[in-house]
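Structural characterization, general
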Amino acid sequence: MEASGIEKAYRRGIWPLRRRLPVLRGADLTVRAGEVVGLVGENGSGKSTLMKILVGALAADAGTVSVAGRSGYCPQVPVVYERLTCDEHFELFGRAYRMPVDAERRARRGLYAELGFERYATTRADQLSGGTLAKLNLGLALLADPEVLLLDEPYAGFDWDTYVKFWDLVARRRADGGAVLIISHFVADEERFDRIVDLRDGLAVPR
Ligand SMILES: Nc1ncnc2c1ncn2[C@@H]1O[C@H](COP(=O)(O)OP(=O)(O)OP(=O)(O)O)[C@@H](O)[C@H]1O
């Protein structure tokens, strides 16, 4: 995945006090196959904004993004339907990804086992704990086995066991030639990344 010259400004306030808040000022970022890259930066530096642009959820003002293969996105705030169960979410997303039913069921079983939340398969999203909701959010991003994985603070609500499983899962993706970009706030995680990119003054600076 390659992004170059990404610019983005948000419009704030109402006329005549309307003003532009420049967030990205020409950010460049590349994540290669078999690489796990950490995206860090202080609160409000534009990490989530850049990731939304990379997955196409937000339009940039300038710059280009190219992705070889499919991408899977795990947003910071889970986008789920509160009345649907975990199983129903996987079914819905499987259809959206145009996966054959058998392939979706197989992938779903694997993700329940890998992240350890099979017992919540028939629980509605509005009755899940924060950590289990985070597992569902991650599981939905992984369902179609994307080549490029973009994760916005995916493990904030995970217990230690799940956190360890998460990094095993990332290591397997890397070994299989996947590209992974993770927004992180934890200094302790830094050695787990192949590379760290710091978002500073609207630019992506290698660390
Ligand atoms: N939809 C929006 N409209 C206006 N301003 C926004 C919008 N989304 C984000 N911003 C502003 O853009 C800046 C960058 O926000 P962003 O969420 O990308 O930062 P971040 O680095 O991910 O922050 P954090 O570490 O707190 O998650 C912030 O000043 C934020 O207030």
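Residues numbered from 1 in each chain as written. Predicted model: local features only at pLDDT ≥ 70, side-chain atom pairs only at ≥ 80, totals over all residues. Heavy atoms only, no water.

Looking at the environment of arginine 195
Positionally, arginine 195 belongs in strand 8 (residues 195-200). On a C-alpha basis, the gap between arginine 195 and valine 37 in space is 5.0 Å, while along the polypeptide they are 158 residues apart. Apart from the residues lying within four places of it in its own chain, the contact partners of arginine 195 are Thr30, Val31, Arg32, Glu35, Val36, Val37 and Gly38. In this structure the side chain of arginine 195 is engaged in a polar contact, spanning 2.6 Å, whose partner is the backbone oxygen of threonine 30. A polar contact is formed between the side chain of arginine 195 and the side chain of glutamate 35, at a distance of 2.9 Å. (Helix = DSSP H or I, 4+ residues; strand = E, 2+ residues; numbered from the N terminus. Contact = heavy atoms within 4.5 Å. Polar contact = N/O pair within 3.5 Å; in protein donor to acceptor, adjacent residues only side chain to side chain.)

What to know about the domain arrangement of the protein
By domain assignment, the protein separates into domain 1 (1-69 + 147-159 + 169-207) and domain 2 (78-145). Just the C-alpha atoms count here: the centres of domain 1 and domain 2 sit 24 Å apart. At the interface, 9 residues of domain 1 touch 9 residues of domain 2. Of the roughly 820 Å² buried where domain 1 meets domain 2, counting both sides, 66% is carbon and sulfur surface. On the domain 1 side of the contact with domain 2, Phe158, Leu169 and Arg173 bury the most area, a combined 54% of that side's loss. Summed over the shared surface of domain 1 and domain 2, the result is 2 salt bridges. Residue aspartate 145 is joined to arginine 173 by a salt bridge in which the shortest nitrogen-to-oxygen separation is 3.2 Å. The tally of links between domain 1 and domain 2 comes to 2 residue pairs in polar contact (both at pLDDT 80 or more). Counting only elements with at least two residues in the side of domain 1 that touches domain 2, the list comes to strand 6 (148-152) and helix 5 (160-175). Residues belonging to the side of domain 1 that touches domain 2 are distributed by class as follows: 5 nonpolar, 1 polar and 3 charged. (Domains from an automatic or database assignment. Buried area = accessible area lost by both parts, 1.4 Å probe. Salt bridge = Lys/Arg side-chain N within 4 Å of Asp/Glu carboxyl O. Nonpolar A, V, L, I, M, F, W, Y, C, P; charged D, E, K, R; others polar.)

A closer look at the packing of aromatic side chains
Under the definition given, this model contains 11 aromatic pairs. With a centroid separation of 5.8 Å and an interplanar angle of 50°, the aromatic rings of tyrosine 155 and tryptophan 167 are classed as tilted. Of the two residues, tyrosine 155 sits in the loop between strand 6 and helix 5 while tryptophan 167 sits in helix 5, which places them 12 residues apart along the sequence. Take tryptophan 167: its relative accessible area is 6%, and that puts it in the buried class. By the ring-pair criterion, three or more aromatic residues cluster together here, those being Tyr155, Phe158, Trp160, Tyr163, Phe166, Trp167 and Phe193. (Phe/Tyr/Trp six-rings, centres within 6.5 Å; stacked < 30°, edge-to-face > 60°. Buried < 20%, exposed > 50% of the residue type's maximum accessible area, 1.4 Å probe, protein only.)

Remarks on the site of the ligand
Not every one of the 15 residues close to the ligand is listed here, only the nearest: Arg12, Gly44, Lys47, Ser48 and Thr49. Within the side chain of tyrosine 10, an N or O atom sits 3.5 Å from a nitrogen atom of the ligand. At a separation of 3.0 Å, an oxygen atom of the ligand approaches a polar side-chain atom of asparagine 43. Listing elements by their share of the shell around the ligand, those giving two or more residues are strand 1 (2-12), strand 2 (19-30) and helix 1 (47-55). Of the residues assigned to the shell around the ligand, the class counts are 3 nonpolar, 8 polar and 4 charged. (Near = heavy atom within 4 Å.)

Focus on unusual backbone geometry
Its identity as a non-glycine residue notwithstanding, glutamate 153 has a phi of 45°, on the positive side. One can find glutamate 153 in the loop between strand 6 and helix 5. Take glutamate 153: its relative accessible area is 22%, and that puts it in the partly exposed class. A positive phi is found at aspartate 201, a non-glycine position, where the angle reads about 50°.

What about the pairing of strand 1?
Two elements, strand 1 and strand 2, share 9 bridges in a ladder whose sense is antiparallel. Across the sheet, residue lysine 8 finds its bridge partner in strand 2, namely leucine 24. Taken together, strand 1 and the strand that follows it, strand 2, pair antiparallel across an intervening segment of 6 residues, in which glycine 13 is found at a positive phi of about 75°. Sheet topology note: the strand 1/strand 4 (residues 62-66) ladder contains 4 bridges and is antiparallel. Within the sheet, the bridge partner assigned to glutamate 7 lies in strand 4 and is alanine 62. (Pairing = 2+ DSSP bridges.)

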